[in-house]
Amino acid sequence: MKLAVIGAGPAGLALALLAAERLPQTEIHLFDTRPLTQDVSGDARTLALNLGSVRLLQRLQAWQPEAAQAIQRVHVSQAPPAPVAGEVWLRAADLGVPQLGAVLRYGALVAPLQQRWLALAAAAPQRLFTRFGTAVHAIRTQTDGVELDSGDGPLVERFDLAVVAEGGVFAEQARKRIRSDYHQNAWVGTVRLASPGLQGLAVERFTRNGPLALLPLPDDAQGPRAALVWCLPQAEDDIATLTDAQRLTVIQQQLPAAAGRLTGISALKCFPLGLNAETRLLHGRALRIGNAAQTLHPVAGQGLNLGLRDAQALVDALREWTEVTGATGLSLDATLARVDWQRAPDRWPMIAATDFLARSFAWRLPGLPALRGVALAGLELAGPVKTALARRMMFGG
């Protein structure tokens, strides 16, 4: 089988590595528009991984624990004013796991993945091809494969299967089948905290205007710090006009006491938010994973985790197909259709949940904050339900 992986971000690299190790008879071409000489290790964007994703990266020998901050506890709460504030605590110790997940920089995730791929490609140059600095201009589906227009030519090449893993942010994406502009902005950056800092605690606060999250980062020479994700409606977003001191004051007022005291803030970047999803992963012999299949609101921090599960499910199905196809006669098209169908119970509940939460912050119903508070308080008391939810967030559905 000849496989094209388009996009060498986290999902694309993970897919290429899984396929390289588990599909030894497959010829794999990894495409990306960025040149191989471009250093990605310094990319400071923050990513949140659940425990299932951490374990996958460990199996791929592309995990550097010293570059990540383990999440040991999660605190979700409703900001006042509300008759019932409500809060939920999730603790790794209560669930019998070493950690709930981890937080790290984009560069600290992608660089080891890329290094591992290059090592495998050097050991198997006859079947693993690194096609960096090469744009894929078009994908044309055929009855038994795809044709790619790639390179400056462009060069027309045929593959049995193409997997699109190029994601990007909502505002820069082409329209997919399901698209909704939330008219919200996400302001992202880093904050400094007074000692001892979050110590492995992730904080999510439901405010009147949108979710506000602090994700623990490894301490540096200047002390404790955390990644900030601050979501606001565009019509009421005046963050750009505030000074750093004013931003710190506003954020501090909305955070729970468990977050501690903020002492500094970095420059913030702003990203428009929306839902952009395909109804199906598969179109002919072209299949989408990760943000190329579904771009979600960051309220649950599950976008990348969903993409990594897409990659794992696809490779597992292809491995089973290559091992049993002679005995069963199952076609590649039937196998891919089954992947598309099997991913739905994981994809759609997550898409629906994040979409509902994102939309709910635009509703100005009088009793809605109280209802959120009651829901959080009820979830904290419902032990089995909370455990089931936590395990779904750690490992998917």
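A short tour of the structure in this document, coming up.

What counts, and at which threshold
- Residues numbered from 1 in each chain as written.
- Predicted model: local features only at pLDDT ≥ 70, side-chain atom pairs only at ≥ 80, totals over all residues.
- Heavy atoms only, no water.
- Phe/Tyr/Trp six-rings, centres within 6.5 Å; stacked < 30°, edge-to-face > 60°.
- Helix = DSSP H or I, 4+ residues; strand = E, 2+ residues; numbered from the N terminus.
- Buried < 20%, exposed > 50% of the residue type's maximum accessible area, 1.4 Å probe, protein only.
- Lys NZ or Arg CZ within 6 Å of the ring centre and 35° of its normal.
- Salt bridge = Lys/Arg side-chain N within 4 Å of Asp/Glu carboxyl O.
- Pairing = 2+ DSSP bridges.
- Axes fitted to C-alpha atoms, helices over the stretch in contact; angles between N-to-C directions.
- Contact = heavy atoms within 4.5 Å.
- Polar contact = N/O pair within 3.5 Å; in protein donor to acceptor, adjacent residues only side chain to side chain.
- Expected span 1.5 Å × (residues − 1).
- Core = buried A, V, L, I, M, F, W, Y, C linked by side-chain atoms within 4.5 Å.
- Disulfide = S-S within 2.5 Å.

### Observations concerning the packing of aromatic side chains
The geometry of an aromatic ring pair is captured by two quantities: the separation of the ring centres and the angle between the planes.
Argument step 1. Inspection of every chain in the model, using the stated rule, returns one aromatic pair.
Argument step 2. Ring centres of F31 and F159 lie 6.1 Å apart, and the angle between their planes is 80°; this geometry places the pair in the edge-to-face category. Of the two residues, F31 is situated in strand β2 (residues 27-32) and F159 in strand β11 (residues 155-159); the sequence distance between them amounts to 128 residues. The same class applies to F31 and to F159, which are both buried.
Argument step 3. Cation over ring: R45 sits above Y106, and NZ or CZ is 4.1 Å from the ring centre.
Argument step 4. Over the face of the ring belonging to W187 we find R247, whose NZ or CZ atom lies 5.7 Å from the ring centre.

### Observations concerning the pattern of salt bridges
Argument step 1. Throughout the structure, instances matching the rule amount to 23 salt bridges.
Argument step 2. With its nearest N and O atoms 3.9 Å apart, the salt bridge here joins R288 to E278. Residue R288 is located in strand β20 (residues 286-288), and its partner E278 is located in the loop between β18 (269-277) and β19 (282-283); the two are separated by ten residues in the primary sequence.
Argument step 3. Assessed through its relative accessible area of 30%, R288 is described here as partly exposed.
Argument step 4. One salt-bridge network, held together by shared partners, links R309, D310, R343 and D346.

### Some words on the sheet that holds strand β3 (residues 46-50)
Argument step 1. Spatially, three strands are ordered β3-β7-β4 in an open sheet, and the strand pairing comes out antiparallel. Each of the sheet's edge strands pairs with one partner strand only, and the pair in question is β3 and β4 (69-71). Across this sheet, the average inter-strand angle for adjacent strands is 25°, counted without regard to direction.
Argument step 2. The pairing of β4 with strand β7 (residues 101-105) spans three bridges and is antiparallel. In the sheet register, I71 faces β7, and the bridge partner there is G101.

### With respect to unusual backbone geometry
With the exception of glycine, the majority of residues adopt a negative phi angle, and the majority of peptide bonds are in the trans configuration.
Argument step 1. P196 follows S195 through a cis peptide bond whose omega is 10°.
Argument step 2. Even without a glycine there, the phi angle at Q61 is positive, about 60°.
Argument step 3. You can see Q61 is positioned in the loop between α2 (51-59) and β4.
Argument step 4. The phi angle at H183 is positive, at roughly 55°, despite the residue not being glycine.
Argument step 5. Along the chain, H183 turns up in strand β13 (residues 178-193).

### Section: the environment of R225
Argument step 1. Along the polypeptide, R225 turns up in strand β16 (residues 223-233).
Argument step 2. Placed 40 residues apart in sequence, R225 and I265 show a C-alpha to C-alpha distance of 9.3 Å.
Argument step 3. Setting aside its immediate chain neighbours within four residues, R225 contacts T190, V191, R192, L193, P216, L217, P218, D219 and D220.
Argument step 4. Within the local environment of R225, its side chain forms a polar contact with the backbone oxygen of P218, the two atoms lying 2.8 Å apart.

### A word on helix α1 (residues 10-22)
Argument step 1. If you check α1, its first and last C-alpha atoms are 18 Å apart, about what 13 residues at 1.5 Å a residue would give, namely 18 Å.
Argument step 2. Buried residues dominate α1, accounting for eleven of its 13 residues.
Argument step 3. Among the residues making up α1, those that are buried are P10, A11, G12, L13, A14, L15, A16, L17, L18, A19 and A20.

### As for helix α8 (residues 368-381)
Argument step 1. The terminal C-alpha atoms of α8 lie 20 Å apart, and with 14 residues this matches the ideal 20 Å at 1.5 Å per residue to within 8%.
Argument step 2. Among the residues making up α8, those that are buried are L368, A370, R372, G373, L376 and L379.
Argument step 3. Against the buried residues of α8 lie β5 (73-78), β6 (87-91), β14 (201-206), α7 (332-360) and α9 (383-395).

### Section: the nonpolar core
Argument step 1. Residues L49 and W117 are the most contacted members of the largest nonpolar core, which totals 57 residues.
Argument step 2. When residues of this core are assigned to their parent elements, the largest contribution, nine residues, is made by α1.
Argument step 3. If we ignore the near neighbours within four places in the chain, the residues touching L49 are V54, L57, W63, G101, A102, L104, L109, L304, N305 and L308.

### Some details on the state of the cysteines
Argument step 1. Per the counting criterion, the structure on display carries zero disulfides.
Argument step 2. For C231, which is in no disulfide, the shortest distance to another cysteine sulfur is to C270 and amounts to 9.9 Å.

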